[in-house]
Amino acid sequence: MSMVEEARDHFSPDYLVAALELSQAAACFQSASLNDQAAKAWLKAAELRKTNLRDFQGAARNFESAGQLMHNPEHYKSAADSYLAAGKADQAARAWTRVAGILAKTDPEGATDAYRKVVDIYRADGDVKHGGNAYALEALRVYQDWLLSRHELEKWLEASKESSTLLEAAGLYASTHKELLARVNGFLASEEMAAGEGMVIAYRNNDAEALQDAVNKNCVKFLPIEIVKIAKSLKVAELPSPSPSPGGNPGPENDATDAAEPTPEGLGALLL
């Protein structure tokens, strides 16, 4: 048996020291703005902590460090998995929130899944007796705003019902009223209903002035921000100017033609 083999039999790798050395190397690379090398060192340290030391929280932090340097959503996903393995749901949810932020412009569907992950994590970690906690409700609000911005109305409706269920379970009935107006008995007599109905009627009648009056209702300002943005962007078609008939006498055939039927979009599509 060679001396190397004999030494191997008597000594085992010190993974903790190796992880510490890799972390120090990563910090040095980072100070020198060598981000690629720094990220590789952070990832190696993370794998050592996760696989050999079972230090999931330390591994998650190393994965996050690599993610911050490279803006790579996969590193944040690995961090989230490690945080969950360490029982740190809040940090895992924050890591998924960063994933959503990175993917928002390049992969909207991936961002949608990431926001949903945040909701699921908080719901699983919430107070089951009360149907969830404040973090889950806040995550649902962010998720709903994102879905509205994407015009994913079916998913938004499901998320809204889910949020309403959590609020009802917690006894927050006033908040439930605002969260899902259509399911509250007093909605038909509410200011929100009147404003929404006014928008629909004005949009159908191609009445720009009435539409603007409905959009400017004070209650509209307190609706979710994405609905307010869509409402303010809603426009109706303008009527063309009448063309005079030969001889200066307007005839029926020269009357202004009816404006083209507006195509429902934005809030019009939502309300109609």
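See the structure shown above.
Residues numbered from 1 in each chain as written. Predicted model: local features only at pLDDT ≥ 70, side-chain atom pairs only at ≥ 80, totals over all residues. Heavy atoms only, no water.

(A) Structural context of the pattern of salt bridges. If you walk through the whole model with that rule in mind, you get 11 salt bridges. A salt bridge links Arg49 to Asp55; the nearest nitrogen and oxygen atoms lie 3.2 Å apart. Between Arg141 and Asp145 there is a salt bridge whose closest N-O contact spans 3.0 Å. With Arg141 and Asp145 both in helix α8 (residues 134-149) and four residues apart, the pair spans about one turn of that helix. Its relative accessible area of 41% is what places Arg141 among the partly exposed residues. Members of the salt-bridge network, linked through shared partners, are Arg116, Asp120, Arg123 and Glu162. (Salt bridge = Lys/Arg side-chain N within 4 Å of Asp/Glu carboxyl O. Helix = DSSP H or I, 4+ residues; strand = E, 2+ residues; numbered from the N terminus. Buried < 20%, exposed > 50% of the residue type's maximum accessible area, 1.4 Å probe, protein only.)

(B) Here's a closer look at the packing of α8 against helix α9 (residues 153-169). Put simply, α8 and α9 touch, their axes get as near as 9 Å, and they point 160 degrees apart. Accordingly, the angle class assigned to the pair α8 and α9 is roughly antiparallel. Remark: the crossing between α8 and α9 carries left-handed chirality. Residues Ala136, Leu137, Leu140, Tyr143, Gln144, Leu147 and Leu148 of α8 touch α9, and the partners they reach there are Leu153, Lys155, Trp156, Ala159, Ser160, Glu162, Ser163, Leu166 and Leu167. (Axes fitted to C-alpha atoms, helices over the stretch in contact; angles between N-to-C directions. Parallel < 35°, antiparallel > 145°, perpendicular 65-115°, else oblique. Left-handed = near helix turned anticlockwise from the far one by under 90°. Contact = heavy atoms within 4.5 Å.)

(C) How the structure looks around the nonpolar core. Counting residues in hydrophobic clusters, the biggest one holds 30 residues, and the most contacted among them are Trp96 and Tyr143. Every element with two or more residues in this core is listed here: α5 (73-85), α6 (89-106), α7 (108-125), α8 and α9. By residue number, the principal contributor to this core is α6, which donates eight residues. In this structure, this core is formed jointly by two domains, domain 1 (13-87) and domain 2 (94-176), each of which donates at least three residues. Setting aside residues up to four positions removed in sequence, Tyr143 forms contacts with Thr112, Tyr115, Arg116, Val119, Lys155 and Ala159. (Core = buried A, V, L, I, M, F, W, Y, C linked by side-chain atoms within 4.5 Å. Domains from an automatic or database assignment.)

(D) Here's a closer look at the packing of aromatic side chains. Applying the stated criterion across every chain, the model contains two aromatic pairs. When the ring of Tyr115 is compared with that of Trp146, the centres are 5.6 Å apart and the planes differ by 45 degrees; the resulting orientation is tilted. With Tyr115 in helix α7 and Trp146 in helix α8, this pair connects stretches of sequence that are 31 residues apart. Accessibility classification places Tyr115 together with Trp146 in one group, the buried group. Ring centres of Tyr122 and Tyr135 lie 5.5 Å apart, and the angle between their planes is 20 degrees; this geometry places the pair in the stacked category. Of this pair, Tyr122 sits in helix α7 while Tyr135 sits in helix α8; the two residues are 13 residues apart in sequence, bridging distant segments of the chain. Given the relative accessible area of 9%, Tyr122 is considered buried. Among the residues examined, Tyr135 registers a relative accessible area of 53% and is labelled exposed. (Phe/Tyr/Trp six-rings, centres within 6.5 Å; stacked < 30°, edge-to-face > 60°.)

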